[in-house]
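This is what each chain is made of:
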Amino acid sequence: MYSVATIPVRSLAVHRPSRTLWQRAAISLVLVGLCLGMAWLQLWRAETRGGNFERQQAGAGAAPIALGADQRDAEFLQWRPVMVRGRWLAERTLFLDNKIHRQRVGYHVLTPLQLDGSRAVVLVNRGWVPAPRLRSEIPLIATEPGPVEISGIARKFESRFFEFGKPQPEGRVWQHVRETDYRQRSGLDVLPVIVLQSNAAADGLIRDWSELQGPGNPAQRHYAYAIMWLIFALMAAGYGLLAWKRA
């Protein structure tokens, strides 16, 4: 009786990516997307802050503008030298908290100035004052009672796009001064800019706006950050491809 030899048939195994491989691929995609998003954000900030710096430089050499009640174009006034005449509303003075000058904590002193012949006011950042030892105390600021003439640089009210919660201003010490908040709480007809006072006055305040105006064009720094995030994106993509090939 003849025996029939059986020939083993090699099973063809279909290679399927493991679950770990899919997880690595997903992580790589997320990292690439995150890095690209951060690079886009830095490019956007380079464009906006670089444009602001160029307008600031152009405005610094322009002739001072005499502020009036009818001037409501904040974009036009941004970083331009201005002059304004009026009377201080000393009882409406605010203190902007957590302002540092030469490693000392203090306040920026903001007082509305009522324009001559008008009910409109412009908020003036008069300068920096050190904080008292007790945080419950408010600094005493000397304010000239009669008509005054102020010169300085116009700047838009601050705005924040990302903030956890929205602390409400209380009393005379504020964390942020936004135009809408100030209008609602003061009830004043305020111009849409804050004047950074530059002329001398006998009030003992320090007027150093170099930190607000910046030492140079910030666009270059943001372009460097964008390049850094693009390199991170390439590294994340390379990690994903390497993990796929090894599997």
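Refer to the structure presented above.
On to the pairing of strand 6 (residues 148–156), then. Here strand 2 (residues 81–88) pairs with strand 6 via 6 bridges, running antiparallel. Note that in strand 6 the partner of Gly86 across the bridge is Val148. As paired strands, strand 6 and strand 8 (residues 190–197) are joined by 5 bridges and run antiparallel to one another. In the sheet register, Lys156 faces strand 8, and the bridge partner there is Val193.

Using the criterion set out here, one finds 3 aromatic pairs in the structure. Pairing Phe95 with Tyr107 gives two aromatic rings, centres 5.7 Å apart and planes at 70°, and the pair type is edge-to-face. Of this pair, Phe95 sits in strand 3 (residues 94–101) while Tyr107 sits in strand 4 (residues 104–115), and the two are 12 residues apart along the sequence. Assessed through its relative accessible area of 1%, Phe95 is described here as buried. Measuring from ring centre to ring centre gives 6.2 Å for Trp174 and Tyr182, while their planes differ by 65°; the resulting arrangement is edge-to-face. Its relative accessible area of 2% is what places Tyr182 among the buried residues. Directly above the aromatic system of Phe76 lies the positively charged group of Arg80, at a separation of 4.5 Å from the ring centroid. The cationic tip of Arg126 hangs over the ring face of Trp88; the distance from NZ or CZ to the ring centre is 4.7 Å.

Conventions adopted
Residues numbered from 1 in each chain as written. Predicted model: local features only at pLDDT ≥ 70, side-chain atom pairs only at ≥ 80, totals over all residues. Heavy atoms only, no water. Pairing = 2+ DSSP bridges. Helix = DSSP H or I, 4+ residues; strand = E, 2+ residues; numbered from the N terminus. Phe/Tyr/Trp six-rings, centres within 6.5 Å; stacked < 30°, edge-to-face > 60°. Buried < 20%, exposed > 50% of the residue type's maximum accessible area, 1.4 Å probe, protein only. Lys NZ or Arg CZ within 6 Å of the ring centre and 35° of its normal.

Spatial relationships are all this shows, so hold off on functional conclusions.
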